[in-house]
Amino acid sequence: MVRLIAFLIGLFMSGWLLVSAGITTYGMITDPAKETVEAKFHKHPKHVSFKHDGLFGKYDKQQLQRGFKVFTEVCSACHSAKLVSFRDLSALGYSEDEVKAIAKGWKTEVPSINPDTGEAATRPGIAADKIPSPYANDTAARAANNNALPPDLSLITKARHNGPAYVYSLLTGYQPVPANLPKENRPGTGLHYNPYFANLNLAMAEPLTADGQVTYDDGTKATKDQMAKDVAAFLTWTAEPKMNARKAAGWVSLIFLLIFTGLTYLSYRTIWADKKKH
Ligand code: HEC
């Protein structure tokens, strides 16, 4: 009896599930969810390739230096890169003296304390300092940017899907507002239309506006496109400075495993050689 009741309850439950699945499917087919404006106008990052892509790709130090120059001269007016110390920049090929000079000459000084009075003060950067924010704190940063906070860029290429291509697309993606964009999605004051940004309007004005905005030391032509690509490469490095080593270690492990597999097979043959004869 108990079994029969349990069976009937089970049957009822499964039937219920089936019916509701059917109703939901029917509803999804006859009355599909409306496409949001964001989904309609939003674009996926453009396709862009870097020397450091792929299994064998390594950072192009020249490109990272160019990207750092764009960051220094343009982006660092609003953004910090607090996870990067000046001395880390030696990985881009700068000498110790160059690193010291970069730290000392940075446009914002580092917060410190006056040793005589104990009052808050600032001092020029040293190689061990992190790349400082141009603002004293988030409140000051918002005040200067129409209440939007420019995020720290150290990890931005990891924080966004397809990060390097996203940064590149965002920087080169500013465009006139499409005529058919609904009124409530049009950029308000202080906002700028950019279809690569998730909600289509962002508070950052187009930072790279003209070819030659930065003068490259290696003779590369500083087109808008080139600068966007270089700074995206630099921000890939800030988010993953050890990528070259990671890839190399991956290959060494693979080769080791291959050799190890061969050895294991040979020892298997040796161990069972006797038995297999019979
Ligand atoms: C005048 C100040 C200013 C400059 C210069 C500037 N930015 Fe921004 N940036 C902002 C602000 C403000 C935001 C926040 C935008 C928002 O939340 O709507 C932002 C946001 C961003 C974002 C985040 C977008 C997201 O998905 O959340 C990235 C990436 C970025 N900036 C990259 C750069 C790069 C690279 C440069 C240099 C080429 C640069 N910015 C120069 C002010 C600036």
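Residues numbered from 1 in each chain as written. Predicted model: local features only at pLDDT ≥ 70, side-chain atom pairs only at ≥ 80, totals over all residues.

Caption draft 1: Representation of the site of the ligand. The local shell around the ligand holds 22 residues, among which C75, C78, A203, M204 and P207 are the closest. In terms of residue count, helix α7 (residues 163-172) provides more of the shell around the ligand than any other element does, 3 residues in total. By residue class, the composition of the shell around the ligand is 19 nonpolar, 2 polar and 1 charged. (Near = placed C-beta within 6 Å. Helix = DSSP H or I, 4+ residues; strand = E, 2+ residues; numbered from the N terminus. Nonpolar A, V, L, I, M, F, W, Y, C, P; charged D, E, K, R; others polar.)

Caption draft 2: Quick look at the domain arrangement of the chain. By domain assignment, the chain separates into domain 1 (39-80 + 133-240) and domain 2 (242-278). For domain 1 versus domain 2, the distance between C-alpha centres works out to 45 Å. With 5 residues of domain 1 in contact, the opposing surface of domain 2 contributes 4 residues. (Domains from an automatic or database assignment. Contact = placed C-beta atoms within 7 Å.)

Caption draft 3: Focus on the packing of helix α3 (residues 61-73) against helix α8 (residues 224-239). One way to put it is that α3 packs onto α8 with a least axis distance of 7 Å and a crossing angle of 100 degrees. Looking at the two axes, α3 sits roughly perpendicular to α8. Mapping the contact onto sequence places Q63, L64, R66, G67, F68, V70 and F71 in α3 and M227, D230, V231, A233, F234 and W237 in α8. (Axes fitted to C-alpha atoms, helices over the stretch in contact; angles between N-to-C directions. Parallel < 35°, antiparallel > 145°, perpendicular 65-115°, else oblique.)

Caption draft 4: Representation of the nonpolar core within the structure. Counting 37 residues, the largest nonpolar core has V167, V231, F234 and L235 as the members making the most contacts within it. Those elements that place two or more of their residues in this core are α3, β1 (81-85), α7 and α8. Element by element, the count of residues in this core is highest for α8, at 9 residues. Ignoring any residue separated from it by four or fewer positions in sequence, one finds V167 in contact with I156, T157, A232 and L235. (Core = buried A, V, L, I, M, F, W, Y, C linked by C-beta atoms within 7 Å. Buried ≥ 20, exposed ≤ 12 C-beta atoms within 10 Å, placed from the backbone.)

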